[in-house]
Number of protein chains: 2
Amino acid sequence: MNAVGKKTGSEFSERLNTGGFRFTPQRQQVYDVLLQKRDHPTAEEVFIRAKKQMPEISHATVYNCLDALVECGLLRQVQLDRGATRFCPNMREHCHFYCDVCDSVYDVDLPAKSQPGVSLPKGFKAERYEIAIHGVCPDCAKAKMKK
Amino acid sequence: MNAVGKKTGSEFSERLNTGGFRFTPQRQQVYDVLLQKRDHPTAEEVFIRAKKQMPEISHATVYNCLDALVECGLLRQVQLDRGATRFCPNMREHCHFYCDVCDSVYDVDLPAKSQPGVSLPKGFKAERYEIAIHGVCPDCAKAKMKK
DNA sequence: GTCAAGATTTGGAATAATTCTAAATTGTGG
DNA sequence: CCACAATTTAGAATTATTCCAAATCTTGAC
């Protein structure tokens, strides 16, 4: 993996295989869209961007691809507000800052040993943590002050 | 506030007023539904339950009430998966455990000083943290083992 | 108390997000 | 080359949420 977390074609393909999926140009395209602009797009937005390179791609395929990529650990699914689900290709441990004013999303690094020491009742098996910070982004904070 | 976090009628009404809202029987009813069964229902589920006591209540009103109650700090809105938003009347600091198998949600207490020491870049104003733990609940874990 | 203004509710339509379906296409192993 | 399974496609269907205009309710001013 290089500095920006991009995977080579064969790494990408391997990941899919490991998860029981085949490599397809559509899956590659969807993944590329996510890597190209890391603004946590919704499925609809991914569809629009993917269409530019691959005009015949369908809605259902985009959903299928996103699900497959999430399942094999190449993408994360992010749930922030009542709106559409967003997707994120950054698989490092991090959390999301969500601006309640403009709906933008930012990746935020977590301190090294941050796994919150939550103790779960007996029998619960935790698989992953999702931390979202809601607030106001710098741009919107500035805009607010002017008022 | 008593042991289960229930508010008296007047506390409830005050909260609404402070947020700039009026007391209405519908808002009371919606809030009561949330208090009666703390299983993190969706808006649709709240609608169904509220209808039992108040058959004329409408869909739009349930959404309006839920939004009002969230805004004046009587409810929390919980986003866990691609499905509908859920609501939670527990305003103590806690996080949610979501069972990816059966979709059930559990409140999980956070250790006293758990506010993750996330350092936000300059200019970001954090207002609240939402922590979700995804995994498998005891029932589903048991069911899985049998297979 | 009465009236006007503003808040709230209602039912239904509209929109948005996601899933489903059946047929066509593609890729793979035998 | 064939059969089978995975995948894609377009479009319909479903689910979740929001919007809208009309009716109703509440409150403060008089």
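Structure: see above.
Residues numbered from 1 in each chain as written. Chains lettered and ligands numbered in written order. Predicted model: local features only at pLDDT ≥ 70, side-chain atom pairs only at ≥ 80, totals over all residues. Heavy atoms only, no water.

1. Some words on the interface of chain A and chain B
Listed by partner, the interface residues are 38 residues for chain A and 38 residues for chain B. In total, chain A and chain B occlude about 3100 Å² of area from one another, counting both sides; carbon and sulfur atoms represent 62% of this. A per-residue breakdown of the area chain A buries against chain B is headed by Arg82(A), Phe124(A) and His134(A), which together make up 21% of the total. Joining chain A to chain B, the criterion identifies two salt bridges. Note that Asp67(B) and Arg82(A) form a salt bridge whose closest N and O atoms lie 2.9 Å from each other. Across the contact surface, chain A and chain B share 12 residue pairs in polar contact (both at pLDDT 80 or more). Put simply, the parts of the chain that give the side of chain A that touches chain B at least two residues each are helix 4 (59-71), strand 4 (105-109), strand 5 (125-136) and helix 5 (138-146) of chain A. Here the side of chain A that touches chain B gets 12 residues from one element, more than from any other, and that element is strand 5 of chain A. (Contact = heavy atoms within 4.5 Å. Buried area = accessible area lost by both parts, 1.4 Å probe. Salt bridge = Lys/Arg side-chain N within 4 Å of Asp/Glu carboxyl O. Polar contact = N/O pair within 3.5 Å; in protein donor to acceptor, adjacent residues only side chain to side chain. Helix = DSSP H or I, 4+ residues; strand = E, 2+ residues; numbered from the N terminus.)

2. A few points about the sheet that holds strand 3 (residues 94-99) of chain B
Taken in spatial order, the six strands make up an open sheet running 4(A)-3(A)-5(A)-5(B)-3(B)-4(B), and their pairing is mixed. On the outer flanks of this sheet lie strand 4 of chain A together with strand 4 (105-109) of chain B, each paired with one strand and no other. With strand direction ignored, the average angle separating the axes of adjacent strands in the sheet is 30°. (Pairing = 2+ DSSP bridges. Axes fitted to C-alpha atoms, helices over the stretch in contact; angles between N-to-C directions.)

3. Let's talk about the packing of helix 2 (residues 25-36) of chain B against helix 3 (residues 43-53) of chain B
Packed helices, taken two at a time, are described by the angle their axes make and the gap between the axes. All names here are of chain B. For the pair helix 2 and helix 3, interaxial distance at closest approach is 9 Å and the crossing angle is 115°. Taken as axis vectors, helix 2 and helix 3 run roughly perpendicular relative to one another. Of the two possible hands of crossing, helix 2 and helix 3 adopt the one that is right-handed. Across from Gln 29, Val 30, Val 33 and Leu 34 in helix 2, the residues of helix 3 making contact are Val 46, Arg 49, Ala 50 and Gln 53. Considered class by class, the residues forming the contact of helix 2 with helix 3 number five nonpolar, two polar and one charged. (Parallel < 35°, antiparallel > 145°, perpendicular 65-115°, else oblique. Left-handed = near helix turned anticlockwise from the far one by under 90°. Nonpolar A, V, L, I, M, F, W, Y, C, P; charged D, E, K, R; others polar.)

Nothing here speaks to function; it is all geometry.
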